[in-house]
Amino acid sequence: MRRKNVMNGSVPIARVAPAIWLLIVALSLPFRAAGDPPGEIAERIDALRAQIAHHDELYFKKAAPEISDYAYDQLKRELAVLERDHPELAAGRGDAAIGDDRSGRFATYPHRQRMLSLAKSYTETELRAFAARVSRQLSRKDVAYVVEPKFDGLAISVTYQNGRLTRAVTRGNGDEGDDVTANVMTIRGLPRQLRSTSPEGGSNPIPDLIELRGEIYVGYAEFNRINREREASGATLFANPRNLAAGTLQQVDPAVTAARRLEIVFYGHGACEPALTCPGSQLDLLRRLRAWGLPTVGNPRRVTDADGMWQAVREVGQERGHYAFPTDGAVVKVDDAAAQRELGETRNAPLWAMAFKFAPDEVETRLRAIDWQVGRTGVLTPVAELDPVQLGGSTVSRASLHNAREVVRRDVRLGDYVMVEKAGEIVPAITGIDLKRRSPASTRYVLPTTCPECGTALRPLADGTASLLCANQDCPAQVRRRLAHFVSADAMNISGLGAASIDKLVKAGLVRTPADLFHLRRSGLLQSGVASETTADHVLKEIEHSKRAELWRVIYGLGIPRVGATTAHVLALRLNSLEDLARWEGRQRGFGTAVPAADLAPDAVAALDEYLRSPSHRAQVLALAELGIGRTESGRATAGPRKLAGKVFVLTGALPHFTRSEATEKIEQAGGRVATAVSRQTDYVVFGDGSGSKLDAARKIGVAEIDEAGLLRLLAGE
């Protein structure tokens, strides 16, 4: 196996100092007279431009990139070298280097000050060359820099006028971007009004107008939660948090955006008026952002030379595995604002900042087999079985192959040596094949034609995706996974019945449908080995308690394709019982007058139509209804999630209008929980006069902070 690590220099030669490698390639070309560029170079430039345009469309507008950031940057680097050496072929290129994330779904709005990207580096040599150039241009060696983690999300510009949030715009083409104000306003912890005094009581001047530059992203916990939900509903998983953040921000319905927990961080500014109120340094900006009540970069490092800069970048690389947010590098900025202005900028990037991109942690290992897993909806997912290898601090022996089309497109063959990396630092995925090591005796992989669990003939999924489907609803794998989903924490939350317990119950013939769980007896739990004498009563108690679950949990637990938790919430808010769910009358009429089909997404309508057309599915829904599932003690179904369901709050200081107990009661009535201490599980700290250590603790770990007015907005569902 071969492994690379950007921090210690042990990398394959094609990944070492890409600029030098490209220069070697360029020097190896035959000499041509000036003004007579070789035809093959012009063809290569055209090919590179076409490739980059294709990947820009996927990355910026569809949030569905096909290649890694590293591979994309290498295409851009190669093009830059060729255009530099042949300027006559680069004419009229304009702002191609910055990309364009305008989606066509929103009105556009101009930036008051052009919104730039960052120049990128991948090696220590390139980063030190940046520092040397800055010193030469400023004619001094004592230049201070600030090093920050580089968040991997979607660039955003948020304008505050007289301290009030007025507009949020994506970077777009640098001059104008999509106006996504409505979606950004759904982000929890983003204040509508800036604080004019710091928590310590000092003055914190607010400019009349300031464009704050930052990043919208999705934390790892939310990324995993949403992918679990999508897997449960049969939807395609997001490849990484950046794709999820971009796709969420591009939703035309703010309600869909609000259902996913986007986060935002600020680290720069554009236009700032009047100039006297603008921060005098990068560190001053970060301090003032925090004092204004905005989420900003934690633990910035200030250094005074190239050695310190490189050490700080290395520290970010070592720490990023512990971050709760996705990061793909570090950003180095000249600290002093006056020096920044002296250094200036190009059309696309400031000359006083440089991004250092961590090359993806990648290893080469052998593909031993492809395991086809049958999901609860019958969709088959290919998983690569690998020779175990160390990757990102853990042993990896399995990797995603996404779907059948991907297996065919890549021409993956058993015995191949494949490159594996952790996509978005989370999910191991195959990114390439070492064709030089492929055995001459290898043959193309043949896709399965029958279900590996029940032998049913497979067919393509009806929605046109590149997946294979086992249509046998009684397939043992589907039965097990449907029941495991039903009892999961995100659905009915029946503790004591995990996947292993469900397997035993199914094998013993005790359960096949969700309703069967509520007919289990102590003897069956003991005989199947699911519970012991001491735990059987606990399991039965949990099953009985789950009968009082909220209606949306029951609907979600049914595992209807394309009906995730968000759609289940919509249904539960409009239905009275599971009997109403069983009254589905087709996509044209919906649930009669209760829930018109127009209230639901088209794919959810089609999925409900197909699911409830099945007599066995209707029977399962009605069997649960007869047991009283999804109803309160009064007989009326619970009306979906409460506004603060699942959120954890910590109260600190004296609130203007509520006592501590009154605020606690309101939060708990809305489904939230009040804790006594701040932790990484805390969603909000509600602060008032005299707030102390709890507020400080929240700021250290990036917990959202709101005042009483902010709490009232949450309680009102704003």
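Quick note: structure is the one above.
Here the structure is a predicted model, which means the values were calculated and not measured.

Asks: Please clarify how the overall build of the protein chain should be interpreted in this entry.
Replies: Each helix and strand in the protein chain was counted, giving 25 helices and 23 strands. Summarising the internal contacts of the protein chain: among those between residues at least 6 apart in sequence, 69% fall at separations of at least 24. When the accessible area of the protein chain is evaluated, it comes to approximately 33200 Å², of which 52% is carbon and sulfur surface.

Asks: For this particular structure, what's the right way to read the pairing of strand β9 (residues 263-273)?
Replies: For β9, the buried fraction is high: eight of the eleven residues fall into the buried class. For strand β8 (residues 209-217) and β9, the ladder comprises eight bridges, and the chain directions are antiparallel. Paired with Arg213 across the bridge in β9 is Gly268.

Asks: How should I be thinking about the environment of Arg301 in this particular structure?
Replies: With respect to the helices, strands and loops of the structure, Arg301 is situated in strand β10 (residues 301-303). For the pair Arg301 and Val332, spaced 31 residues apart in the sequence, the C-alpha separation amounts to 9.5 Å. If we ignore the near neighbours within four places in the chain, the residues touching Arg301 are Tyr145, Val146, Val147, Ala312, Glu315, Val316 and Glu319. Looking at Arg301, its side chain comes within polar contact range of the side chain of Glu315, at 2.8 Å. Engagement of the side chain of Arg301 in a polar contact is seen with the side chain of Glu319, the distance being 2.5 Å.

Asks: Looking at this structure, how should I read the sheet that holds strand β23 (residues 704-706)?
Replies: Either a parallel or an antiparallel arrangement is found when strands of a sheet pair, and the pairing is made through backbone hydrogen bonds. Across the sheet, which stays open at both edges, the four strands sit in the order β21-β20-β22-β23 with parallel pairing between neighbours. Across the chains shown, the open sheet's two edge strands, defined by having one partner strand only, are β21 (673-675) and β23. For this sheet, the mean angle separating the axes of adjacent strands, direction not counted, is 35 degrees. Across three bridges, the pairing between strand β20 (residues 648-652) and β21 is parallel. Across the sheet, the residue bridging to Phe649 is Val674, located in β21.

Asks: How do you make sense of the side chain of Gln282 when you look at a structure like this?
Replies: Within the secondary structure layout, Gln282 lies in helix α9 (residues 282-291). The exposure class of Gln282 is buried, given its relative accessible area of 4%. Those residues in contact with Gln282 that lie beyond four places of it in its chain are Val146, Glu148, Tyr267, Lys333, Val334, Asp335 and Gln340.

Asks: Please clarify how α9 should be interpreted in this entry.
Replies: Helical geometry: 3.6 residues make up each α-helical turn, so side chains three or four residues apart lie on a common side. The buried fraction of α9 amounts to seven of the ten residues, a majority that puts the element mostly inside the structure. Looking at the buried side of α9, the elements it contacts are β4 (145-151), β8, β9, β11 (327-334) and α11 (337-343). In the stretch just after α9, Gly293 is the one whose phi turns positive, near 95 degrees.

Asks: So what exactly am I meant to see when it comes to the pairing of strand β12 (residues 353-357) here?
Replies: Working note: regular strand, side chains alternate between the two faces of the sheet. The buried fraction of β12 is high, at five of five residues. Covered by surrounding structure in β12 are Ala353, Ala355 and Lys357 together with Met354 and Phe356, the residues of both alternating faces. Sheet topology places strand β3 (residues 120-121) next to β12; two bridges connect them, and they run parallel. Looking at the pairing, Lys120 lines up with Ala355 of β12. As judged from the five bridges shared by β11 and β12, these two strands associate in the antiparallel manner. Note that in β12 the partner of Ala330 across the bridge is Phe356.

Asks: How do you make sense of the packing of aromatic side chains when you look at a structure like this?
Replies: Within a pair of aromatic rings, the relevant descriptors are the distance that separates the centres and the angle that separates the planes. According to the stated counting rule, one finds nine aromatic pairs in the structure shown. With 4.9 Å between their ring centres and 15 degrees between their planes, Tyr323 and Phe325 make a pair best called stacked. Judged by relative accessible area, Tyr323 falls into the buried class, the value being 16%. Taken together, the ring pairs in this structure connect Phe151, Tyr217, Tyr323 and Phe325 into an aromatic cluster. Positioned above the aromatic ring of Tyr109, the side-chain terminus of Arg167 is 3.8 Å from the ring centre. Above the face of the Tyr417 ring, Arg437 is positioned so that its terminal group lies 3.7 Å from the ring centre.

Asks: Which parts of the structure should I look at to understand the nonpolar core?
Replies: The tendency in soluble globular proteins is for nonpolar side chains to be buried side by side. Counting residues in each nonpolar core, the largest one holds 63 residues, and the members touching the most others are Tyr145, Val158, Tyr160, Val184, Leu190, Leu294 and Val313. The residues touching Tyr160, leaving out its near neighbours within four places in the chain, are Leu165, Leu190, Pro191, Arg192, Leu194, Asp208, Leu209, Ile210, Leu212 and Leu294. With 48 residues, the next largest nonpolar core counts Val479, Met492, Leu520 and Ala565 among its residues.

Asks: Please clarify how the state of the cysteines should be interpreted in this entry.
Replies: Disulfide: a covalent bond connecting the sulfur atoms of a pair of cysteines. Enumeration according to the criterion identifies one disulfide in this entry. Between the sulfur atoms of Cys272 and its disulfide mate Cys278 the distance is 2.3 Å. In this structure, the disulfide formed by Cys272 and Cys278 twists by about -125 degrees around the S-S bond and is classed as left-handed. With no disulfide of its own, Cys451 has Cys454 as its nearest cysteine by sulfur position, at a separation of 3.7 Å. Note on Cys451: relative accessible area 3%, which makes it buried. Take Cys475: it sits in no disulfide, and the sulfur closest to it among the cysteines is that of Cys454, at 3.8 Å. Cys475 gets classed as buried once you look at its relative accessible area, which sits at 0%.

Asks: Looking at this structure, I do not really get the sheet that holds β3. What am I missing?
Replies: In spatial order, the strands read β3-β12-β11-β4-β10; together these five strands make up an open sheet with mixed pairing. Two strands close off the open sheet at either side, each with one partner strand: β3 and β10. Each of β4, β10 and β11 is contacted by α9, which is oriented at about 50 degrees to β4, the strand it contacts most. Along the sheet face, helix α10 (residues 306-319) touches β4, β10, β11 and β12 and points at about 160 degrees away from the line of β10.

Parameters and conventions
- Residues numbered from 1 in each chain as written.
- Predicted model: local features only at pLDDT ≥ 70, side-chain atom pairs only at ≥ 80, totals over all residues.
- Heavy atoms only, no water.
- Helix = DSSP H or I, 4+ residues; strand = E, 2+ residues; numbered from the N terminus.
- Contact = heavy atoms within 4.5 Å.
- Areas by Shrake-Rupley, 256 points an atom, 1.4 Å probe, with all protein chains shown as cover.
- Buried < 20%, exposed > 50% of the residue type's maximum accessible area, 1.4 Å probe, protein only.
- Pairing = 2+ DSSP bridges.
- Polar contact = N/O pair within 3.5 Å; in protein donor to acceptor, adjacent residues only side chain to side chain.
- Axes fitted to C-alpha atoms, helices over the stretch in contact; angles between N-to-C directions.
- Phe/Tyr/Trp six-rings, centres within 6.5 Å; stacked < 30°, edge-to-face > 60°.
- Lys NZ or Arg CZ within 6 Å of the ring centre and 35° of its normal.
- Core = buried A, V, L, I, M, F, W, Y, C linked by side-chain atoms within 4.5 Å.
- Disulfide = S-S within 2.5 Å.

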